[in-house]
Amino acid sequence: MPGIVVIYHSGYGHTQRQAQAVADGAGARLIAIDADGNLPEGAWDELQAADAIVFGSPTYMGGPSWQFKKFADATSKAWFAMAWRDKLFAGFTSSASVIGDKTSTLTYFFTLAMQHGGVWVGTGMAPANARASRRDDLNWAGVWSGATATSPIDASAAEMAEGDLKFAFEFGQRVAQAAARWSREG
């Protein structure tokens with residue numbers, strides 16, 4: 001089975017729950033970026049060995065957290081050597097607003113992956129945009145580039161919408177399926 005790593009930063013716990021759901025769906029290893037923007041011991045080796053890397057961050061002020069950006073800047077060593085070329089990449093984000101410029105964060109992740117010579121995996125899921133659709137339906141926000149979650153600003157991580165967590169889980173499954181196919185055909 002391909003090695004998948006979910007690397008994420010979470011400020012208030014919402015993105016951590018989303019990261020766990022993605023990792024559970026993908027059978028992936030979680031790596032948390034700490035409050036100072038640092039990685040745990042051995043994380044760079046795990047990223048290098050991974051077949052697929054999934055980025056995660058809350059969306060703050062129209063982009064990923066500064067802690068995630070610190071990690072992204074530090075990937076320049078891998079970029080210089082094109083060490084992550086042909087890896088699969090994907091991403092997810094959360095914010096308090098329904099739109100909340102989440103797609104700006106996903107575009108940031110996509111651009112980072114492309115700079116590394118990677119191949120992007122989108123959701124592959126149709127939006128829940130029929131009259132009968134409800135908040136807990138998969139892909140309620142109608143995003144194709146990555147998984148998203150919305151939690152009211154005054155809601156705890158424990159109060160996240162089950163549909164968002166299910167979306168993250170199924171997105172993780174899609175990344176795992178793509179990685180398995182990529183490793184067979186690559």
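Everything quoted here is computed from the prediction, not taken from an experiment. (Residues numbered from 1 in each chain as written. Predicted model: local features only at pLDDT ≥ 70, side-chain atom pairs only at ≥ 80, totals over all residues. Heavy atoms only, no water.)

**Q** What should I look at first to understand the overall build of the chain in this one?
**A** Counting its regular elements, the chain contains six helices and seven strands. For 186 residues, the compact-globule formula gives about 16 Å, and the C-alpha radius of gyration of the chain, at 15 Å, lands near that figure. Projected onto the principal axes, the alpha-carbon positions of the chain cover approximately 50 × 40 × 25 Å. Going through the 186 residues of the chain one by one, you find that 48% of them count as buried. Sequence-distant contacts, at least 24 apart, represent 76% of the contacts inside the chain between residues at least 6 apart. Accessible area for the chain stands at about 9,100 Å²; split by element, carbon and sulfur atoms hold 53% of it. Averaging the positions of the 15 positive and the 18 negative side-chain charges in the chain gives two centres separated by 6 Å. (Helix = DSSP H or I, 4+ residues; strand = E, 2+ residues; numbered from the N terminus. Rg over C-alpha atoms; globule rule 2.2 N^0.38 Å. Buried < 20%, exposed > 50% of the residue type's maximum accessible area, 1.4 Å probe, protein only. Contact = heavy atoms within 4.5 Å. Areas by Shrake-Rupley, 256 points an atom, 1.4 Å probe, with all protein chains shown as cover. Lys, Arg positive; Asp, Glu negative; His and termini not counted. Charge placed at Lys NZ, Arg CZ, Asp CG, Glu CD.)

**Q** What am I meant to see in helix H1 (residues 14–26) here?
**A** Here H1 is 13 residues long and its end C-alpha atoms lie 19 Å apart, about the 18 Å a rise of 1.5 Å per residue gives. For H1, the set of buried residues is His-14, Thr-15, Gln-18, Ala-19, Ala-21, Val-22, Ala-23, Gly-25 and Ala-26. Just downstream of H1, Gly-27 is the residue with a positive phi angle, here 65 degrees. (Expected span 1.5 Å × (residues − 1).)

**Q** Any chance you could explain a nonpolar patch on the surface here in plain terms?
**A** A cluster of nonpolar side chains, contributed by Tyr-12, Tyr-60 and Met-61, occupies part of the molecular surface with about 460 Å² of accessible area. Accessibility expressed as a relative area gives 69% for Tyr-12, which makes it exposed. (Patch = residues over 30% accessible without salt bridge, like charges linked within 9 Å, V, L, I, M, F, W, Y side chains within 5 Å. Salt bridge = Lys/Arg side-chain N within 4 Å of Asp/Glu carboxyl O.)

**Q** Looking at this structure, I do not really get empty space enclosed by the protein. What am I missing?
**A** Where empty space is left in the structure can be found by rolling a water-sized probe over the atoms. Tallying each qualifying case throughout the model produces one cavity of 30 Å³ or more. Taken as a whole, the largest cavity encloses approximately 40 Å³ of empty space. Lining the largest cavity, in full, are Arg-135, Asn-139, Trp-140, Ala-141, Thr-148, Ala-149, Thr-150, Asp-164 and Phe-167. Mapped by element, the contributors of at least two residues to the lining of the largest cavity are strand S7 (147–150) and helix H6 (162–185). Grouping the constituent residues of the lining of the largest cavity by class yields four nonpolar, three polar and two charged. (1 Å grid on protein atoms, 1.4 Å probe; cavity = no way out; pocket = protein on both sides within 12 Å on 5 of 7 lines; lining within 4 Å. Points joined across faces, edges and corners; volume = space filled by probe spheres on them. Nonpolar A, V, L, I, M, F, W, Y, C, P; charged D, E, K, R; others polar.)

**Q** For this particular structure, what's the right way to read the packing of aromatic side chains?
**A** Where two aromatic rings form a pair, the distance of their centres and the angle of their planes describe that pair. Tallied over the entire structure, the rule returns eleven aromatic pairs. Both rings, one in Phe-55 and one in Phe-71, keep their centres 6.2 Å apart while their planes meet at 65 degrees; by these two values the pair is edge-to-face. Taken as a pair, Phe-55 in strand S3 (residues 52–60) and Phe-71 in helix H3 (residues 66–74) lie far apart in primary sequence, 16 residues in all. The same class applies to Phe-55 as to Phe-71, namely buried. Taking the centre distance of 5.4 Å and the plane angle of 35 degrees together, the rings of Phe-55 and Phe-89 count as tilted. (Phe/Tyr/Trp six-rings, centres within 6.5 Å; stacked < 30°, edge-to-face > 60°.)

**Q** In this structure, what is going on with the pairing of S7? I would like to understand it.
**A** The side chains of a regular strand alternate between the sheet's two faces. Side chains Ala-147 and Ala-149 of S7 all project onto a buried face; the interleaved residues Thr-148 and Thr-150 project onto the opposite face, where all are buried too. Summarising the sheet, strand S5 (residues 88–95) and S7 pair through four bridges and their orientation is parallel. Along S7, the bridge assignment pairs Phe-92 with Ala-147. (Pairing = 2+ DSSP bridges.)

**Q** What is the right way to look at the side chain of Thr-15 in this model?
**A** Inspection of the secondary structure assignment puts Thr-15 in helix H1. Non-local contacts of Thr-15, meaning those with residues more than four positions away in its chain, are made with Tyr-8, His-9, Ser-10, Gly-56, Ser-57, Pro-58, Phe-92 and Ser-94.

**Q** I'm lost on the packing of H3 against helix H5 (residues 102–115) in this one. Help?
**A** A packed helix pair is summarised by two numbers, namely the angle formed by the two axes and the spacing between the axes. Following both chains from N to C, one finds H3 and H5 inclined at 10 degrees, their axes separated by 11 Å at the closest point. Relative to H5, the element H3 is oriented roughly parallel. The residues of H5 that touch H3, namely those facing Phe-68, Lys-69 and Ala-72, are Tyr-108, Phe-109 and Leu-112. Here the contact of H3 with H5 is built from residues that sort into five nonpolar, no polar and one charged. (Axes fitted to C-alpha atoms, helices over the stretch in contact; angles between N-to-C directions. Parallel < 35°, antiparallel > 145°, perpendicular 65-115°, else oblique.)

Nothing here speaks to function; it is geometry throughout.
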